[in-house]
Amino acid sequence: MYTQALNSSDGDDRGIEDAARAAAFQARIDDDERIEPNDWMPAAYRKTLTRQISQHAHSEIVGMLPEGNWITRAPSLRRKAALLAKVQDECGHGLYLYAAAETLGTSREELVDLMLSGKAKYSSIFNYPTLTWADIGTIGWLVDGAAIMNQIPLCRCSYGPYARAMIRVCKEESFHQRQGFEIMVTLCRGTEEQKAMAQDALNRWWWPVLMMFGPPDKVSQHSDTSTKWKIKRFSNDELRQKFVDATVPQAQFLGLTIPDPGMTQNESGNWVYSEIDWAEFNQVLAGNGPCNRERLAARRKAHDDGAWVREAAAAYAEKRKARLLAQAAE
Amino acid sequence: MPTPNTPLWEVFIRSRNGLAHKHVGSLHASDATLALQAARDIYTRRGEGLSIWVVPSNAITASDPSEKGMMFEPAESKIYRHPTFYDVPDEVGHM
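Now for a look at the structure at hand. (Residues numbered from 1 in each chain as written. Chains lettered and ligands numbered in written order. Predicted model: local features only at pLDDT ≥ 70, side-chain atom pairs only at ≥ 80, totals over all residues. Heavy atoms only, no water.)

**Some thoughts on the side chain of A:Thr132**
Residues and elements named next belong to chain A.
Working step 1: Positionally, Thr132 belongs in the loop between α5 (108–116) and α6 (133–154).
Working step 2: In terms of polar contacts, Thr132 uses its side chain to reach the backbone amide nitrogen of Ala134, at 3.2 Å.
Working step 3: Residues contacting Thr132, with those up to four places away along its chain left out, are Trp70, Met197 and Arg204. (Helix = DSSP H or I, 4+ residues; strand = E, 2+ residues; numbered from the N terminus. Polar contact = N/O pair within 3.5 Å; in protein donor to acceptor, adjacent residues only side chain to side chain. Contact = heavy atoms within 4.5 Å.)

**Some points on the environment of A:Phe281**
Working step 1: Position of A:Phe281 relative to the elements: it lies in helix α11 (residues 278–288).
Working step 2: In this structure, the C-alpha to C-alpha distance between A:Phe281 and A:Met263, residues 18 residues apart in sequence, is 20 Å.

**A short note on the packing of α6(A) against helix α7 (residues 160–188) of chain A**
All names here are of chain A.
Working step 1: At their nearest, the axes of α6 and α7 sit 7 Å apart, and the two run at 150 degrees to each other. Judged by the angle between their axes, α6 and α7 are roughly antiparallel. Classified by chirality, the crossing of α7 by α6 is left-handed.
Working step 2: When the residues that make up the contact of α6 with α7 are grouped by side-chain class, the tally is 16 nonpolar, 10 polar and two charged. (Axes fitted to C-alpha atoms, helices over the stretch in contact; angles between N-to-C directions. Parallel < 35°, antiparallel > 145°, perpendicular 65-115°, else oblique. Left-handed = near helix turned anticlockwise from the far one by under 90°. Nonpolar A, V, L, I, M, F, W, Y, C, P; charged D, E, K, R; others polar.)

**Some remarks on the interface of chain B and chain A**
By a widespread convention, an interface's size corresponds to the accessible area lost as its parts come together.
Working step 1: Between chain B and chain A, the residue contacts involve 16 residues of the former and 23 residues of the latter.
Working step 2: Together, the buried faces of chain B and chain A total about 1600 Å²; carbon and sulfur atoms form 49% of this surface.
Working step 3: It is B:His28, B:Arg45 and B:Arg46 that lose the most area in chain B upon contact with chain A, and together they represent 30% of the buried surface on that side.
Working step 4: Applying the counting criterion to the chain B and chain A interface returns five salt bridges.
Working step 5: Note that B:Arg46 and A:Glu172 form a salt bridge whose closest N and O atoms lie 3.4 Å from each other.
Working step 6: Scanning the region where chain B abuts chain A turns up 10 residue pairs in polar contact (both at pLDDT 80 or more).
Working step 7: Counting residues per element, the ones that place at least two in the side of chain B that touches chain A are β2 (22–28) and α1 (32–43) of chain B.
Working step 8: The leading source of residues in the side of chain B that touches chain A is α1(B), at three residues.
Working step 9: A breakdown of the residues in the side of chain B that touches chain A according to their chemical character gives five nonpolar, six polar and five charged. (Buried area = accessible area lost by both parts, 1.4 Å probe. Salt bridge = Lys/Arg side-chain N within 4 Å of Asp/Glu carboxyl O.)

Listed below in structure tokens is the structure:
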């Protein structure tokens, strides 16, 4: 998924770097070369990417929670198998991304601790609850749809390990969106109640999904450096517009109404949406969304409950190593 | 005593088409058996391969990027090592 909103950089920390190396680095970026882990890079590039990739990873892991909520209540075995596979994919995406973030020099344990302590952010979208089965359809269709819009340009990001991880993620994400849309088609062709449930889910998710792309360009402070470094290739508003234009016809196909009565289509065919409630976005980012506390508590509990497994595996590995050494000495 | 950081492994997978094992990514596991199982779960959920290698990351010796000029330039200047360097008359056809 899921990180446009977290794409902020630390452009201000520079200046102490060796100017010649920085110039050579920028020349490589301008030439569309990929930067690899052992290459020299400005400290701020390293810091920006560590934060962005790890927050992206946290989002994948926390993103398992709202959907995991419905695995035991999926309406059929087919839906259950698909949802289980999707949630497993999200875990895999988190792991590819943690591995990419670690190549910048911060350990997995430190990255995870930053999330558990609440210091590192994850995508605001996962702080909303999944109240009905239609939410699972809507998440696949819209949340994963928005994620794909964000992630496709990241496949060409200047940092090699991140770009490679994103290529894998994007290949798998397409199944997520299609399975979500299929759920929506089924509900919309079903009973009145089912269609109403689909509409209700769209009503609740539409605006939070638009917020996933991050603050509007006019207030987004950090984009310049990320753009210069080719971490970010499109602005928040450009991606948001692309998403809206792709989604409106899909909603029309489903016979659902996007909860924005003021939405109009302009002469160039773009759908112009109403003002987004950024106060809500800031509240959720500040930790006051509907499920922030619940999500963090669930992650902490999983981490604590798994501690004995990590300890036992480490102890077993030590014991085996000692035994092999003893055998070799005999 | 705190649990030590879990070791890092590099994962290589040979795909169905009989090509060589190819690096696909890395993972953390406390020993080789767990590393293989984790590699199966993380990197082969869609039939990506028929064989997996896992190698402790600290066992890999890498060339130094700052010496890449010295390492690779000698190959770049020897264009006569490529078949396209040589002219074959058109009448001869494909060779």
